[in-house]
Amino acid sequence: MFLETFMILISRCEDIKSEIQTNWRYCLRMVYDLCLLFRVLMDDVQGVIKKQTVNDTVSPRSSASYYEQYHSLNEIYSWMEEITEMNADLLQKIYIGSSFEKRPLYILKVQTPKSAIWIDCGIHAREWIAPAFCLWFIGHNRLWRKSRSKHGNNRCIGTDMNRNFDAGWCGKGASHNDCHEIYCGPYPESEPEVKAVAHFLQKHKDHIKAYITIHSYSQMVLFPYSYTTNKSKDHDELLSVANKVVLAIRKTTQKMYESGPGAQTIYLAPGGSDDWAYDLGIKYSFTFELRDRGTHGFLLPPNLIKPTCIEALSGIKTIALHVINNI
Ligand code: ARG
Ligand code: ZN
């Protein structure tokens, strides 16, 4: 195609030359540039557009892949409606006028104390990646760890709820800096969620024989303590239970989990729920760190949900059996 056009144009160079009064060399150069300009860059543009225009019902608005697709204007309107409704404390939808074709123009205002940054996406209609960025930018942080609380004059949102329990609160392995991922909060049980759990466990501690808290990822079965490297008084028994859990998991799905006290096995991490429950008197207190070991990390693919749940259940059964035989 390229060569063909090139040859035809060259054969016309004699005429072109006289038409625009130039020499052979310049004409050749021009023909070459023209050919480059008209090279076929994409065979089936309509096909590509069709492929990129997803059926919006396929990928729900809450899924991570939603933000890796292009959406119709109507879908984007619905998305705006839903996201502002679900995050009323953070987001505000403001009508600022309408387009020539009478479609409403909205801005999404992300809560800011005073100064602001304006971002618009899609002034040019064909630049689809631009609005895709705006949606993606507003979409939730999939890797958020902490609670959503705001305390006093703190600059940042959220407390690490597994550093907020009253168990060696805010020692080594936690942070007083509210912007850190392991912020322990202004005081123990400052988070309503932590307070509620602690209150319930306290009230029912005589009935609750085991406390199991599920996290990810690392493939570990942890038990107290995490706020100190000292062994707990039930260390040997808890270690033997954790080892039995590891065995049960290996038998169920062939996955390898590690076992041990939190501080030695993963890291010093004070203010955790397992340590707090243990010190409350619930002896069989465990943290499960489920799959994987870092390949997908927190973004574990959906097809691994089932096997991960099955192995976790086999672990929980092991603990339950031990508890039944030892109380
Ligand atoms: N990944 C968990 C965390 O950092 C480990 C929890 C272990 N137990 C604990 N009390 N810190 O919170
Ligand atoms: Zn966790």
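Residues numbered from 1 in each chain as written. Chains lettered and ligands numbered in written order. Predicted model: local features only at pLDDT ≥ 70, side-chain atom pairs only at ≥ 80, totals over all residues. Heavy atoms only, no water.

- The chain is annotated in an unreviewed UniProt entry as Peptidase M14 domain-containing protein of Gopherus agassizii.
- What UniProt records for the chain under Cofactor (unreviewed entry) is the sentence "Zn(2+)". (UniProt positions renumbered as here; feature names shortened; annotations may be inferred.)

**Thoughts on the packing of aromatic side chains**
Part 1 of the argument: By the definition in use, this model includes 11 aromatic pairs.
Part 2 of the argument: Taken together, a centroid distance of 5.4 Å and an interplanar angle of 65 degrees make the contact between Y70 and W128 edge-to-face. Of this pair, Y70 sits in the loop between helix 4 (45-52) and helix 5 (73-86) while W128 is found in the loop between strand 2 (104-110) and helix 6 (129-138), placing the two residues 58 residues apart along the sequence.
Part 3 of the argument: Of the residues examined, W128 reaches a relative accessible area of 33% and is grouped as partly exposed.
Part 4 of the argument: Taking the centre distance of 6.0 Å and the plane angle of 45 degrees together, the rings of F165 and W276 count as tilted. Of the two residues, F165 sits in the loop between helix 6 and helix 7 (192-203) while W276 sits in helix 10 (residues 273-280), which places them 111 residues apart along the sequence.
Part 5 of the argument: For W276, a relative accessible area of 7% translates into the label buried. (Phe/Tyr/Trp six-rings, centres within 6.5 Å; stacked < 30°, edge-to-face > 60°. Helix = DSSP H or I, 4+ residues; strand = E, 2+ residues; numbered from the N terminus. Buried < 20%, exposed > 50% of the residue type's maximum accessible area, 1.4 Å probe, protein only.)

**What about the UniProt feature "active site" (unreviewed entry) in the chain?**
Part 1 of the argument: Under the feature "active site" (unreviewed entry), the UniProt entry names E289.
Part 2 of the argument: Take E289: it is sitting in strand 6 (residues 284-290).
Part 3 of the argument: For E289, a relative accessible area of 8% translates into the label buried.
Part 4 of the argument: In contact with E289, other than residues within four places in its own chain, are H215, S216, Y217, S218, Q219, M220, L222, Y257 and I266. (Contact = heavy atoms within 4.5 Å.)

**Notes on the sheet that holds strand 3 (residues 210-216)**
Part 1 of the argument: Pairing in this open sheet of four strands is mixed, and the strands run 3-6-4-5 from one edge to the other. Unpaired on one side and paired on the other, strand 3 and strand 5 (258-261) mark the two borders of the sheet. The mean angle between the axes of side-by-side strands here comes to 20 degrees, regardless of whether they run parallel or antiparallel.
Part 2 of the argument: Relative to strand 6, strand 3 is paired through seven bridges, and the arrangement is parallel. When the bridges of strand 6 are listed, T213 appears paired with T287.
Part 3 of the argument: Across the sheet, helix 11 (residues 305-326) lies against strand 3 and strand 6, angled at about 170 degrees from strand 6, the strand it touches most. (Pairing = 2+ DSSP bridges. Axes fitted to C-alpha atoms, helices over the stretch in contact; angles between N-to-C directions.)

**Here we look at the pairing of strand 2**
Part 1 of the argument: Alignment of strand 1 (residues 91-98) against strand 2, held across seven bridges, turns out to be antiparallel. Bridge assignment links G97 to a residue of strand 2, and that residue is L105.
Part 2 of the argument: Remark: five residues form the turn of the hairpin made by strand 1 and strand 2, two consecutive strands paired antiparallel; K102 in that turn has positive phi of roughly 70 degrees.

**Some details on the pairing of strand 4 (residues 220-223)**
Part 1 of the argument: Residue alternation in strand 4 divides its side chains into two sets, M220 and L222 and V221 and F223, and both sets are buried.
Part 2 of the argument: Pairing analysis gives four bridges linking strand 4 to strand 5, with the strands arranged parallel. If you follow M220 over to strand 5, its bridge partner there is E258.
Part 3 of the argument: Once you follow strand 4 into helix 8 (residues 235-253) and on to strand 5, the crossover reads as right-handed.
Part 4 of the argument: One ladder, built from three bridges, connects strand 4 with strand 6; its direction is antiparallel. Residue pairing for strand 6: L222 is matched across the bridge by T287. (Right-handed = clockwise from strand over helix to strand, strands pointing away.)

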